[in-house]
Amino acid sequence: MPTADSDVPGLPGNRARPAPDLPEPLAPLVDAHTHLDACGATDADSVATIVDRAASVGVGRVVTVADDLAAARFAVDAARWNPRVYAAVAIHPTRANALDDATKAEIERLARDPRVVAVGETGLDYYWPGKLDGCADIAEQVEGFRWHIDLAKRLHKPLMIHNREADHDLLAVLLDEGAPETVILHCFSSDATMADACVEAGYILSFSGTVSFRNARELHEAAKLVPDDQLLVETDAPYLTPHPFRGAPNEPYCLPYTVRALAQLRGQDPVDLAAAATANAERVYRLS
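All of the points below concern the structure found in this document. Here the residue index of a chain counts from 1 through its sequence in written order. For a predicted model such as this one, the threshold for reporting local features is a pLDDT of at least 70, and the threshold for listing and counting side-chain atom pairs is 80 or more; totals across whole chains, interfaces and linings nevertheless cover every residue. Side-chain calculation: all heavy atoms of the structure are included, whereas hydrogens and water are not.

What to know about the overall build of the protein chain
Argument step 1. Looking only at helices and strands, one finds nine helices and eight strands in the protein chain.
Argument step 2. A compact globule built from 288 residues should have a C-alpha radius of gyration of about 19 Å, and the protein chain, at 17 Å, falls within 12% of that.
Argument step 3. Along the first, second and third principal axes, the C-alpha set of the protein chain runs to 45 × 45 × 35 Å.
Argument step 4. Think of it in three bands: residues with accessible area under 20% of the maximum for their type are buried, residues over 50% are exposed, and the middle band is partly exposed, with areas taken using a 1.4 Å probe on protein chains only. With 288 residues in all, the protein chain has 59% of them scored as buried. Each helix is a run of H or I in the DSSP string that is no shorter than four residues. Each strand is a run of E no shorter than two, and both are numbered from the N terminus. For the radius of gyration, the atoms used are the C-alpha atoms, and the globule rule reads 2.2 Å times the number of residues raised to 0.38.

Structure, rendered in structure tokens:
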């Protein structure tokens, strides 16, 4: 499993490094998971600036994802401000200890918005407990994960999962609860065994800049196993900027770098891979 530069909101890459140059355009693309607020967006104009930059290289639509309540409110606002933006709302597993009754009610209210295309990101993160002050413990994460699974099923919306070093327990909870119709493993970073299990279960695997990291050998093997119709692509911006810009600030416009790296691994034409991933995003998220 590759080491993520940062996977916790509020800890972006090294902004002292210059932002990557605009890549050669590759269209059409949908950034299946990004964080516009963490990229610096604060209002309709700044959202438009980031999305315009992405559109200039073929990334015509983005899904901006929440990890806490404030981010969930912003994600829905951003999706209302700009027709190219969609939202996903949930409480990040490391913050599951904040999931009280009032927060649950607000997340459910936001998740019912027609601009919200998924419940996420939720899941399990076994890396941060004991390392991050205030991090939810494993029992709190499991309880929060179960609640989000139920919410996704009740709303008939995809479940967007964050998984870090919790493969076995994550699959066990999904089996125990009964998975929603559509499950997306965002920023898939596990090995081929986990990829096989997820593909067999019918889950969607979304690949980020980690797939371009040279030391991510197990992930490289996993990425080769995923059928074209079970694959998404994402930036998880401002985190996980693809090689050779690792550690620099990421944005949705960087997605073509990841798609070309993934296509090379899989022995595919980047144009064909982009088309397949976009068709999947349109189907999974029911994009207009």
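There is more to say after this.
Here we look at the pattern of salt bridges
Argument step 1. Whenever a carboxyl oxygen of Asp or Glu lies within 4 Å of a side-chain nitrogen of Lys or Arg, that contact is scored as a salt bridge. Applying the stated criterion to the full structure yields 15 salt bridges.
Argument step 2. Linking E108 and R154 is a salt bridge whose minimum nitrogen-to-oxygen distance equals 2.9 Å. Note that E108 is positioned in helix α3 (residues 101-111) and R154 in helix α4 (residues 138-155), a separation of 46 residues in sequence.
Argument step 3. Judged by relative accessible area, which is 18%, E108 ranks as buried.
Argument step 4. Overlapping salt bridges, with partners in common, bring together E108, R112, D150 and R154 in one network.

Observations concerning the packing of α3 against α4
Argument step 1. Between N-to-C directions, angles cover 0 to 180 degrees, with each direction set by a line fitted to C-alpha atoms, over the stretch in contact for helices. The contact between α3 and α4 brings their axes to 11 Å, and the two run at 30°. Crossing angle aside, the handedness with which α3 passes α4 is right-handed. Residues K104, I107, E108 and A111 of α3 lie in contact with α4, whose contacting residues are W147, L151, R154 and L155.
Argument step 2. Residues are sorted three ways: Asp, Glu, Lys and Arg are charged, Ala, Val, Leu, Ile, Met, Phe, Trp, Tyr, Cys and Pro are nonpolar, and all the rest, Gly among them, are polar. Its residues assigned to classes, the contact of α3 with α4 shows five nonpolar, no polar and three charged. The sense of a crossing depends on the near helix, which, turned anticlockwise from the far helix by less than a right angle, makes the crossing left-handed and, turned clockwise, makes it right-handed. Pairs of residues are marked as contacts when any of their non-hydrogen atoms sit within 4.5 Å.

Considerations on the nonpolar core
Argument step 1. The term nonpolar core refers to a set of buried residues drawn from Ala, Val, Leu, Ile, Met, Phe, Trp, Tyr and Cys, joined through side-chain atoms within 4.5 Å. In this structure, F145, L174, L185, F188 and F207 are the most contacted members of the largest nonpolar core, which totals 75 residues.
Argument step 2. Broken down by element, the residue count for this core peaks at eight residues, all from helix α2 (residues 69-81).
Argument step 3. In this structure, Y86, A88, A281 and Y285 belong to the second largest nonpolar core, which totals 16 residues.

Quick look at the packing of aromatic side chains
Argument step 1. Note on aromatic pairs: the rings of Phe, Tyr and Trp (six-membered ring only in Trp) are paired at centre separations within 6.5 Å, and the planes decide the class, stacked below 30 degrees, edge-to-face beyond 60, tilted for the rest. What the rule picks out here adds up to four aromatic pairs.
Argument step 2. Judged by centre distance (5.8 Å) and plane angle (80°), the ring pair of F74 and W81 falls under edge-to-face.
Argument step 3. For the ring pair F188 and F207, a centre distance of 6.0 Å and an interplane angle of 65° mean the geometry is edge-to-face. Remark: F207 occurs in strand β7 (residues 204-207) and F188 occurs in the loop between β6 (183-185) and α6 (192-201); sequence separation between them is 19 residues. Judged on exposure class, the residue F188 and its partner F207 are both buried.
Argument step 4. Across the ring face of Y127, the terminal group of R164 is positioned such that the distance to the ring centre comes to 3.9 Å.
Argument step 5. Only when the NZ atom of a Lys or the CZ atom of an Arg is both within 6 Å of the ring centre and within 35 degrees of the ring normal do we say a charge sits over the ring. The ring of F213 carries R246 above its face, with NZ or CZ at 3.8 Å from the centroid.

A short note on helix α8 (residues 255-266)
Argument step 1. Here, expected helix span is obtained from the residue count minus one, scaled by 1.5 Å. Over its 12 residues, α8 extends 17 Å from the first C-alpha to the last, a length consistent with the 16 Å expected when each residue adds 1.5 Å.
Argument step 2. Taken together, the buried positions of α8 are occupied by L255, P256, T258, V259, A261, L262, A263 and R266.
Argument step 3. Where α8 is buried, its residues touch β1 (29-34), β2 (59-65), β7, α7 (217-223), β8 (231-233) and α9 (270-285).
Argument step 4. Positive backbone phi, at 70°, marks G267, one or two positions downstream of α8.

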